[in-house]
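Listed below, chain by chain, are the residues.
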Amino acid sequence: MAEASLRDDARVIGLVGIAHGVSHFFHLILAGLFPWIKAAFGLSYAELGLLMTVFFVVSGIGQALSGFIVDRVGARAVLFAGLALLGASALVLASAPNYALLLAGSMLAGCGNAVFHPADYTLLNQRVSKPRLAHAFSVHGVSGNLGWAAAPVFLAAVAALSNWRVALVAAALIPFGVLALLLLNRSVLRTVAAPARPAAREEGGSFDFLRLPQVWMCFGFFFLTAVALAGIQSFASTALVATYGISLAAATSAYTIYMLASAGGMVMGGFFAARSSNHDRTIAFAFTLAAVLALLLAAGVVPGPLVVVLMGLIGLASGVAGPSRDLLIRSAAPKNATGRVFGVVYSGLDSGLALGPLLFGALMDASHPAWVFVGIALFQALAIATAVTVGTRRTPSLQNA
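Below is a summary of the structure that appears in this document. (Residues numbered from 1 in each chain as written. Predicted model: local features only at pLDDT ≥ 70, side-chain atom pairs only at ≥ 80, totals over all residues. Heavy atoms only, no water.)

### Side note on the overall build of the chain
Within the chain, the regular secondary structure consists of 14 helices and 0 strands. Listing every helix and strand of the chain by position from the N terminus yields α-α-α-α-α-α-α-α-α-α-α-α-α-α. A globule of 401 residues ought to have a C-alpha radius of gyration of about 21 Å, and the chain, at 20 Å, matches this closely. Principal-axis analysis of the C-alpha atoms places the extent of the chain at approximately 60 × 45 × 35 Å. Each of the 401 residues in the chain was classed as buried or not, and the buried ones make up 55%. (Helix = DSSP H or I, 4+ residues; strand = E, 2+ residues; numbered from the N terminus. Rg over C-alpha atoms; globule rule 2.2 N^0.38 Å. Buried < 20%, exposed > 50% of the residue type's maximum accessible area, 1.4 Å probe, protein only.)

Okay, here's the thing in structure tokens:
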């Protein structure tokens, strides 16, 4: 790829980042409306939780498969299809007369969400000049965090002013609007598909990449960090209230600060990643710090007012690791297999987000709120081992420069 101008790179990064923010917004399309949906259909918490599990299970399976489609037909068309599916899923959910249709809408949303990481990272790798890739991955991560932060506020505000069905219809307009924006700028989102019939010995053939230990270590890294993230997203606020006796408003503020600090950490991490080739060391340092801080929270010795600060520091440390993580995965991807590698690897994210709430929910049901933070620290520490393994097992033949 010829060296792109800053303006061209910024345009691609911005468009891909906006699309990625939409996908994360839809992670919480139902969770943000649970109080209204529960009342409307008389559902149990287990039934509500199943809607989220279905979303992430479908997304995880679809993400591994969509990477092959991205490499075969190109990322642009697949990304467009994903946005269209997200918009359609919100309309299905808005019109759902029963629980079965809610499940169907959740499955459809999972299908739409499945395409984003393989398509996004293929676009960034092919369309953004190498010196700016670390910053591209940084913006990509920040946009996802902003999508997570925006969804509950947007959905709850519209539902409070009208009702939950109107909120879902309003949410449907977002992916359709972004799809229109991307169609207008489709010329800058062209990617090159893999050869129709890779040579038998060509590195990066259809399934050859599955034999690479680095790919499965990256999958493991995402799975472990996603389990930890699920604990923070699902139960950190409740655990803080039970452990420290702070108000729910203060605990919720602590979670908000975590998300904002994580976004800031990703911006910082982009500069660190651009200046270093030892991405595994950056990840190890960041997650070691995050794990130690989580254990400090678990000990229950932090003064109440400092809980918010500590949560922010955990988010900052976790965010710093983001761009280095994505560059580490890129180094494990053989030529012409970027979509497939990122698809399989990021299916670990969905797997962890599906399993995490069940594990940490069991701890809460057993009246061990402090153990939530012990579990978060444990999974972050385990993730360090997978990142270091990838960093030490890289070989020149696997570099996708």
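Having seen it, we continue.
### Comments concerning unusual backbone geometry
Backbone geometry follows two general trends: most residues other than glycine have a negative phi, and most peptide bonds adopt the trans configuration. A positive phi angle, close to 65°, is found at serine 367, a residue other than glycine. Here serine 367 lies in the loop between helix H13 (338–365) and helix H14 (370–393). The exposure class of serine 367 is exposed, given its relative accessible area of 58%.

### Considering the environment of threonine 389
Of note, threonine 389 is situated in helix H14. As for threonine 389 and glycine 339, which are separated by 50 residues in sequence, their C-alpha atoms are 22 Å apart.

### Section: the packing of aromatic side chains
With the rule as written, the count across this model stands at 9 aromatic pairs. On the numbers, 5.7 Å between centres and 70° between planes, the contact of phenylalanine 25 with phenylalanine 154 is edge-to-face. Of this pair, phenylalanine 25 sits in helix H1 (residues 6–27) while phenylalanine 154 sits in helix H7 (residues 133–161), placing them 129 residues apart in sequence. Taken together, Phe25, Phe26 and Phe154 form an aromatic cluster joined through their ring pairs. (Phe/Tyr/Trp six-rings, centres within 6.5 Å; stacked < 30°, edge-to-face > 60°.)

### Considerations on the pattern of salt bridges
One pass over the structure, following the stated rule, counts 1 salt bridge. Salt-bridge contacts for arginine 132 lead to aspartate 9; the nearest nitrogen and oxygen are separated by 2.6 Å. Note that arginine 132 is positioned in the loop between helix H6 (116–127) and H7 and aspartate 9 in helix H1, a separation of 123 residues in sequence. Taking the relative accessible area as the measure of exposure, arginine 132 reaches 25% and is therefore partly exposed. (Salt bridge = Lys/Arg side-chain N within 4 Å of Asp/Glu carboxyl O.)

### Description of helix H3 (residues 45–73)
End to end, H3 covers 41 Å across 29 residues, agreeing with the expected 42 Å (1.5 Å per residue, within 8%). Where H3 bends most, at glutamine 63, the angle is about 30°. With its phi angle positive at about 105°, glycine 74 sits one or two positions after the end of H3. (Expected span 1.5 Å × (residues − 1). Bend = angle between axes of the 7 residues up to and from the residue.)

### Side note on the nonpolar core
Counting residues in hydrophobic clusters, the biggest one holds 125 residues, and the most contacted among them are Leu240 and Leu297. In terms of residue count, helix H9 (residues 213–244) provides more of this core than any other element does, 16 residues in total. (Core = buried A, V, L, I, M, F, W, Y, C linked by side-chain atoms within 4.5 Å.)

### Concerning the layout of surface pockets
Here the largest pocket is characterised by a volume of approximately 1,400 Å³. Ala31, Phe34, Gln233, Ser234 and Phe235 are, among the 37 residues lining the largest pocket, the residues nearest its centre. Going through the elements one at a time, helix H2 (34–41), H3, H7, H9, helix H10 (248–274) and H13 are the ones with two or more residues in the lining of the largest pocket. Among the residues forming the lining of the largest pocket, the class breakdown is 26 nonpolar, 10 polar and 1 charged. (1 Å grid on protein atoms, 1.4 Å probe; cavity = no way out; pocket = protein on both sides within 12 Å on 5 of 7 lines; lining within 4 Å. Points joined across faces, edges and corners; volume = space filled by probe spheres on them. Nonpolar A, V, L, I, M, F, W, Y, C, P; charged D, E, K, R; others polar.)

### Let's talk about the packing of H9 against helix H11 (residues 279–298)
It is at 12 Å that the axes of H9 and H11 come closest, and there the two elements cross at 25°. Comparing the axis directions of H9 and H11 gives the class roughly parallel. Crossing hand, H9 versus H11: left-handed. The residues of H11 that touch H9, namely those facing Phe221, Thr225, Leu240, Thr243 and Tyr244, are Ile283, Phe287, Leu296 and Leu297. (Axes fitted to C-alpha atoms, helices over the stretch in contact; angles between N-to-C directions. Parallel < 35°, antiparallel > 145°, perpendicular 65-115°, else oblique. Left-handed = near helix turned anticlockwise from the far one by under 90°. Contact = heavy atoms within 4.5 Å.)

### Comments concerning the packing of H1 against H7
Running from N to C, H1 and H7 point in directions that differ by 40°, and their axes come no closer than 7 Å. Relative to H7, the element H1 lies oblique. In the packing of H1 onto H7, the handedness of the crossing is right-handed. Mapping the contact onto sequence places Ile13, Val16, Gly17, His20, Gly21, His24, Phe25 and His27 in H1 and Ala136, Val139, His140, Ser143, Gly144, Asn145, Gly147, Trp148, Ala150, Ala151, Phe154 and Leu155 in H7.

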